[in-house]
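# Descriptive structure summary
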Amino acid sequence: MKGEVSDVKSQLRQLAGSRAPGTDDSKRDLFKKVLSYMTVGIDVSSVFSDMVMCSATSDIVLKKMCYLYVGNYAKYNPDLALLTINFLQRDCKDEDPMIRGLALRSLCTLRVPNLVEYLVGPLGSGLKDKSGYVRMVASIGVVKLYHISASTCVDADFPAMLKHLMLHDQDAQVVANCLFSLQEIWTLEANTSEEASSEREALLSKPVIYYFLNRIKDFNEWAQCIILEMVSKYVPPDSNEIFDIMNLLEDRLQHANGAIVLATIKLFLQLTLDMTDVHQQVYERIKAPLLTQVSLGSPEQSFAVLSHLHLLVMRAPMLFSTAYKHFYCHYNEPFYVKKLKLEMLTAVANESNTYEIVTELCEYAANVDIPMARESIRAVGKIALQQYDVNAIVDRLLQFLEMEKDHVTAETLVLVKDLLRKYPQWSHDCIAVVGNISSKNIQEPKAKAALIWMLGEYAQDMQDAPYVLESLVEKWEDECSAEVRLHLLTSVMKCFFRRPPETQQVLRAVLAAGIADFHQDVHDRALFYYRLLQHNVSVAEGVVNPPKQAVSVFADTQSSEIKDRIFDEFNSLSVVYKKPSYMFTDKEYRGPFAFSEEFGNMSIGVESEETAASSQRVEASDKELLLNTSEKEDKVLSNNGPAYSAPAYDGYLDTAASQVQSDLVSLEPPLPSHPPKTSSGIDLLSLGLSIKPTPAPTAPTLKLNAKPVLDPNTFQQKWRQLQVSVSQEISISPQGVAALANLQSLLRHMQGHSIQCIASGGQSPNYKFFFFAQKSEESSLFLVECIINSLTCKAQLKIKADDESSSQAFSTVFQSALSSYGTS
Amino acid sequence: MPVAASAIYFLNLRGDVLINRLYRDDVGGNMVDAFRVHIMQTKELGTCPVRQIGGCSFFYMRISNVYIVIVVSSNANVACAFKFVVEAVALFKSYFGGAFDEDAIRNNFVLIYELLDEIMDFGYPQNLSPEILKLYITQEGVRSPFSSKPTDKPVPNATLQVTGAVGWRREGLVYKKNEVFLDIVESVNLLMSSKGSVLRCDVTGKVLMKCFLSGMPDLKLGLNDKIGLEKESQLKSRPAKSGKTIELDDVTFHQCVNLTRFNSEKTVSFVPPDGEFELMKYRITEGVNLPFRVLPTIKELGRTRMEVNVKVKSVFGAKMFALGVVIKIPVPKQTAKTSFQVTSGRAKYNASIDCLVWKIRKFPGQTEPTLSAEVELISTIAEKKSWTRPPIQMEFQVPMFTASGLRVRFLKVWEKSGYNTVEWVRYITKAGSYEIRC
């Protein structure tokens with residue numbers, strides 16, 4: 001490859017001075033070769049000077065190729081870039097407007113900070129050029145300059161020139177480009193300068209808005225998108241104006257460009273937010289254009305539109321309930337489209353259309369495509385949970401169980417469980433079918449957990465519940481999901497309370513296995529149950545299996561505040577990701593080390609972790625919605641009243657059942673005040689276990705090294721290697737949040753607690769910090785990621801530690817340090 | 001900031017970069033590696049066209065054997081970005097003359113670089129109209145009109161042309177013969193249950209136009225849509241003519257159509273761009289004439305035999321005929337042997353898609369050919385799960401037939417020189433997703 005490059009180099013040399021006819025053609029071929037090398041990633045920067053030499057030509061084709069080459073390599077070869085300045089500046093004065101424009105564009109894309117001084121002159125004259133093409137290039141050039149050197153751009157008074165141009169230029173594309181540039185510059189500048197922020201406000205003033213609106217048809221479709229976006233931020237003083245704007249722009253809904261349609265919809269919705277009736281009418285009006293956009297274009301385009309339609313459907317399902325047939329899936333559609341459609345079908349289901357929708361969903365459930373089948377079943381379940389008349393749906397769900405496909409069965413079990421929590425009256429029908437399912441065929445943890453929950457909850461109705469549980473307990477060692485093991489513990493307990501004689505053996509086995517379990521939660525729960533039983537069986541029943549009320553509404557996963565924020569960011573990525581933009585664009589979310597030189601790599605590295613985390617989060621929220629397990633009853637909305645009836649501790653004591661139970665486990669209720677030593681001697685459940693008295697959980701005082709040392713690279717490395725050992729959300733005092741305005745003081749404050757900051761960043765309302773601390777006398781380190789949201793006064797902590805055992809203690813220290821901030 | 005792109009990449013299926021263009025510095029140069037590692041080489045590919053990796057979002061789209069990837073780091077306008085890609089590809093196609101694939105890109109990469117420079121600047125889409133771009137683009141011999149001209153004459157302002165009243169059309173076009181070709185292309189989407197009831201049915205139509213007209217002509221198109229006709233009779237205070245009228249659910253127009261006039265007078269009037277373009281798109285859900293009815297009966301006889309009978313009935317006029325009719329009848333994976341009898345066309349078993357494929361090249365109206373097949377299955381012991389029957393799918397084209405019943409009533413061309421024009425109108429109905437459950 002090297003040989004070829006040097007070959008090209010020598011050929012270029014030969015041609016540079018030649019004036020023979022046909023030179024240009026051979027130069028063209030050579031230039032093409034160079035560019036093709038460049039594209040495939042071969043470094044051809046070594047021919048830089050020869051390329052520049054050869055470009056002393058009037059041939060525009062050659063010039064263009066040369067500009068492209070220069071633009072690509074200048075950034076990494078600033079010295080060489082200096083070579084090009086000369087001829088680019090000359091070209092900026094060429095008599096051909098085309099060359100002037102191209103040269104100016106290349107000049108602006110060199111992106112070499114120490115060359116900005118050469119840029120100001122050509123840009124200034126470019127903005128005043130008589131050719132629209134040059135002005136168009138120059139007006140975008142200004143924002144490019146701003147990104148290289150903001151101060152140069154502002155000092156040269158370019159924003160003011162742009163503003164003048166924007167309001168007076170004949171050429172619509174120039175006007176549009178001025179608007180793009182000004183929006184960017186003033187938005188960025190507004191953080192530091194008040195003048196800029198008032199200029200930004202001025203962009204949204206009535207005269208400017210009307211200036212653009214009146215000319216809107218002069219602009220091309222792309223510029224229209226951005227103008228409509230801008231207008232959507234404008235707040236008209238009275239309703240007449242709102243109607244005027246809507247009348248003026250109504251025809252935009254007919255545009256073939258989906259982005260314009262969406263921008264118009266956003267504008268209409270924003271304008272009418274405070275006018276409930278009109279807002280409703282807007283929904284009616286936009287329905288047809290949106291549905292058209294969905295049915296046209298590539299699947300990717302439909303997806304972009306569907307995501308927005310999805311948002312609107314979720315906000316006003318009633319208005320779309322008659323259009324449900326539009327959300328039927330085609331067999332060949334990609335899954336991402338189908339998934340959105342399913343969610344919309346679920347949302348619009350009401351008394352009148354449920355039958356059709358559920359029938360359709362059942363067709364999908366038989367689909368060969370497994371993810372699709374799963375989603376469809378979930379959709380049926382969700383509809384069942386939101387409807388009052390679930391009669392037919394329950395039958396359908398139970399039919400799924402008879403299909404004898406593992407994934408269908410698994411998904412259905414989870415749903416049946418949720419359904420039973422809401423409609424206990426169906427237990428009889430469901431249990432009859434569920435009882436026929438062999439637990440051997442169920443592999444998925446969620447489904448297994450659901451089945452186990454039902455076995456425990458309906459132990460009295462299912463003949464062989466204890467025996468099924470027993471067979472599951474026998475395979476305890478093979479069960480890798482902690483969730484399943486936790487459920488197994490609880491269900492065996494519940495079963496034991498209902499059918500003590502049959503379950504006693506299993507209970508013994510399960511408690512033994514649980515206590516020996518390496519998973520902390522499983523171990524703790526088993527131990528907890530064991531001690532409860534030791535203490536008093538009826539109390540244990542009151543705790544583990546209290547009578548419960550049916551769930552009336554499952555909690556929503558997303559707060560309405562977040563939903564509103566997404567709605568405000570209509571027609572952007574937020575809608576597709578279903579999260580507000582700060583969550584994915586803010587610098588602090590982009591990977592922690594903005595100062596790191598290997599930023600690119602870093603952000604990727606961190607990402608894989610973040611995606612993992614986010615997928616967990618999705619799963620978790622999914623779980624919350626659908627898989628609410630018995631231990632999460634507190635999710636039940638408070639309007640149901642307390643879900644637990646407070647356990648009456650001694651009320652049960654003399655009931656016959658508890659007598660029997662006590663006899664069976666030969667339990668002498670030990671006094672609560674008994675020291676643990678004696679109880680371990682009695683070995684109550686004849687488990688053959690010796691439970692060591694756990695040391696009193698007095699938090700070991702953690703001493704931190706006052707002056708730990710850690711360089712950022714090591715931090716980065718460690719952060720990547722270590723697992724999160726503590727992750728929690730804490731509240732901060734409003735005073736602390738108020739004092740956040742001065743970040744330095746927070747960092748000093750934390751330093752006072754021997755916690756050092758290694759990186760910080762972010763803008764209101766989100767701040768992100770990386771802290772570290774070191775144990776005194778030991779080298780073991782604690783790394784903390786702390787995200788503070790000043791709106792909600794919440795901080796999210798992620799702590800990673802060399803020595804995980806002390807991370808809890810450190811967390812306490814950290815929290816107390818953080819919460820004392822601002823109060824002193 | 002509603003930027004549409006920070007960088008754009010063209011990759012082949014292996015993930016090699018064919019073309020890349022970085023518009024903004026806010027995304028790193030190695031982003032394409034992230035795309036390869038996190039999307040192309042994983043199962044993620046194709047699960048969602050928008051993905052976030054690091055601080056960057058990736059929008060990607062596959063067109064023939066090329067992936068087009070847009071990378072942004074801000075909260076970009078997704079719909080705009082995808083539309084941009086689609087339009088850009090259409091533009092490239094018009095330059096290459098035909099296919100857009102890896103080879104075409106490799107052969108035309110300098111041209112693509114040139115185009116990418118003009119159609120987007122710093123992430124903001126600029127001008128994508130081929131007409132105007134011809135003025136800037138130097139490749140393939142289309143020389144800039146500026147370069148040869150002396151500058152003392154005021155140069156025609158290219159950008160003003162784009163944005164003026166008729167930005168999509170150059171002045172001074174001359175044709176010997178003035179012709180307009182109008183194609184109405186409809187695709188019928190159908191979902192029918194196994195019992196023969198229509199679950200969902202709609203038509204999406206396009207009006208495609210090819211204009212070879214001199215000067216600056218004004219065109220007016222009349223269709224037999226209900227609103228347009230009512231409006232017309234109102235304006236002319238004449239009772240509406242009886243006859244079939246069509247209710248369009250929704251319409252979108254090419255930017256050349258005067259939308260204000262459409263909204264007030266319900267007429268489609270426009271100054272067309274030169275050459276080929278898509279004038280309008282529409283959608284209809286009511287009163288769709290289905291060109292074909294399919295009546296399948298599939299019987300599973302025990303575990304190793306199946307009997308398939310499919311009757312297809314053409315319900316359009318007897319003088320018309322459909323072309324390229326393909327009926328795909330799914331059969332289970334473990335199909336061993338098939339035997340057919342067809343009254344028309346040819347059928348064979350295609351194991352790679354697990355379908356019986358029945359092709360009828362020319363299918364006259366008002367006929368009903370049938371296929372009866374016997375399918376033998378390999379008996380498998382493990383396979384106790386019943387076969388989920390995918391729907392029967394159908395492809396066809398029916399010339400001179402519109403499923404919606406839409407008709408062109410008139411197409412008027414008016415130009416100040418008053419020349420005569422020849423107008424050609426064609427109709428064709430194609431299958432969109434035409435599915436019959438069985």
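Residues numbered from 1 in each chain as written. Chains lettered and ligands numbered in written order. Predicted model: local features only at pLDDT ≥ 70, side-chain atom pairs only at ≥ 80, totals over all residues. Heavy atoms only, no water.

Before going further, it helps to examine the overall build of chain A. Tallying secondary structure elements over chain A gives 40 helices and five strands in all. Counting the 824 residues in chain A, one finds 57% classified as buried. In chain A, the share of contacts with a sequence separation of at least 24, taken over all contacts with a separation of at least 6, comes to 67%. For chain A, the exposed area adds up to about 35,400 Å²; of that, 52% sits on carbon and sulfur atoms. (Helix = DSSP H or I, 4+ residues; strand = E, 2+ residues; numbered from the N terminus. Buried < 20%, exposed > 50% of the residue type's maximum accessible area, 1.4 Å probe, protein only. Contact = heavy atoms within 4.5 Å. Areas by Shrake-Rupley, 256 points an atom, 1.4 Å probe, with all protein chains shown as cover.)

The subject of this paragraph is the domain arrangement of chain B. Domain annotation for chain B reports domain 1 (7–134), domain 2 (179–287 + 406–429) and domain 3 (292–379 + 388–399). Using only C-alpha atoms to locate each centre, domain 1 of chain B and domain 3 of chain B end up separated by 40 Å. (Domains from an automatic or database assignment.)

Moving on: the nonpolar core. Tyr69(A) and Phe10(B) are the most contacted members of the largest nonpolar core, which totals 278 residues. In terms of residue count, the dominant contributor to this core is helix H2 (residues 78–96) of chain B (twelve residues). Sequence-distant contacts of Tyr69(A), defined by excluding residues within four places in its chain, comprise Val34(A), Leu35(A), Met38(A), Val44(A), Ser45(A), Val47(A), Phe48(A) and Met51(A). In terms of nonpolar packing, the next biggest core, distinct from the first, is built from 71 residues, Leu182(B), Phe253(B), Tyr282(B) and Ala403(B) among them. (Core = buried A, V, L, I, M, F, W, Y, C linked by side-chain atoms within 4.5 Å.)

Take the interface of chain A and chain B next. Contact residues are listed per partner, giving 96 residues for chain A and 99 residues for chain B. Buried area between chain A and chain B, summed over both chains or domains, comes out near 8,700 Å², and the portion from carbon and sulfur atoms is 58%. Of all residues in chain A, Thr39(A), Trp222(A) and Gln254(A) give up the largest surface area on contact with chain B, accounting jointly for 9% of the area buried on that side. Joining chain A to chain B, the criterion identifies seven salt bridges. One salt bridge connects Arg105(A) with Asp121(B), and the closest N-O pair in it is separated by 3.6 Å. Summed over the shared surface of chain A and chain B, the result is 29 residue pairs in polar contact (both at pLDDT 80 or more). Classifying every residue of the side of chain A that touches chain B gives 38 nonpolar, 29 polar and 29 charged. (Buried area = accessible area lost by both parts, 1.4 Å probe. Salt bridge = Lys/Arg side-chain N within 4 Å of Asp/Glu carboxyl O. Polar contact = N/O pair within 3.5 Å; in protein donor to acceptor, adjacent residues only side chain to side chain. Nonpolar A, V, L, I, M, F, W, Y, C, P; charged D, E, K, R; others polar.)

Residue and element names in this part refer to chain B. Strand order in the open sheet formed by four strands is S14-S15-S20-S17, with antiparallel pairing between adjacent strands. Two strands lie at the open edges of the sheet, namely strand S14 (292–301) and strand S17 (335–342), each paired on one side alone. When the angles between neighbouring strand axes are averaged without regard to direction, this sheet yields 15 degrees. Of the pairings in the sheet, the one linking S14 to strand S15 (residues 305–314) comprises ten bridges and is antiparallel in character. When the sheet's bridge partners are listed, Arg293 is paired in S15 with Lys313. (Pairing = 2+ DSSP bridges. Axes fitted to C-alpha atoms, helices over the stretch in contact; angles between N-to-C directions.)

As for its position among the elements, Arg90(A) is in helix H5 (residues 78–91). The spacing of Arg90(A) and Pro122(A) is 32 residues in sequence and 9.6 Å in space, taken between C-alpha atoms.

All names here are of chain B. An order of S12-S10-S22 is seen for the three strands of this open sheet, with the pairing classed as antiparallel. The sheet is open, and its two borders are formed by strand S12 (268–270) and strand S22 (408–414), each paired with just one other strand. Looking at each pair of strands side by side, their axes are set apart by 10 degrees on average, direction ignored. Two elements, strand S10 (residues 218–223) and S12, share three bridges in a ladder whose sense is antiparallel. Paired with Leu221 across the strands is Val268, a residue of S12.

A full pass over the atoms with the stated rule returns 36 aromatic pairs over all chains. For the ring pair Tyr67(A) and Phe87(A), a centre distance of 6.4 Å and an interplane angle of 10 degrees mean the geometry is stacked. Placement of the pair is Tyr67(A) in helix H4 (residues 60–73) and Phe87(A) in helix H5, with a sequence separation of 20 residues. Feature note: the residues Phe292(B), Phe316(B), Phe363(B), Phe396(B), Phe401(B) and Tyr434(B) constitute an aromatic cluster, connected by ring pairs. Positioned over the ring face of Phe567(A) is Arg315(A), at 3.7 Å from the centre of the ring. Over the ring of Tyr427(B) we find Arg407(B); its NZ or CZ atom is 4.5 Å from the centre of that ring. (Phe/Tyr/Trp six-rings, centres within 6.5 Å; stacked < 30°, edge-to-face > 60°. Lys NZ or Arg CZ within 6 Å of the ring centre and 35° of its normal.)

A word on the packing of helix H13 (residues 206–214) of chain A against helix H15 (residues 239–249) of chain A. All names here are of chain A. Orientation of H13 relative to H15, taken along the N-to-C sense of each, is 20 degrees, at an axis distance of 12 Å. When the axis of H13 is compared with that of H15, the two are roughly parallel. Here H13 runs over H15; the crossing is left-handed. Mapping the contact onto sequence places Lys206, Tyr210 and Leu213 in H13 and Glu241, Ile245, Leu248 and Leu249 in H15. Partitioned by chemical class, the residues of the contact of H13 with H15 number five nonpolar, no polar and two charged. (Parallel < 35°, antiparallel > 145°, perpendicular 65-115°, else oblique. Left-handed = near helix turned anticlockwise from the far one by under 90°.)

It is worth spelling out helix H14 (residues 221–231) of chain A at this point. Within H14(A), eleven of the eleven residues are buried, which leaves the element mostly enclosed by the surrounding structure. Of the residues making up H14(A), those classed as buried are Glu221(A), Trp222(A), Ala223(A), Gln224(A), Cys225(A), Ile226(A), Ile227(A), Leu228(A), Glu229(A), Met230(A) and Val231(A).

Residue and element names in this part refer to chain A. Take His407: it is sitting in helix H23 (residues 406–422). The class of His407 is buried, set by a relative accessible area of 12%. The residues touching His407, leaving out its near neighbours within four places in the chain, are Ile370, Ala373, Arg374 and Glu444.

Residues and elements named next belong to chain A. Inspection of the secondary structure puts Pro708 in the loop between helix H36 (676–682) and helix H37 (712–721). In the structure, Pro708 is positioned 123 residues away from Thr585 in sequence and 32 Å away in space, judged by C-alpha atoms. Every residue in contact with Pro708, bar those within four places of it in the chain, is listed here: Gln756, Phe772 and Gln774.

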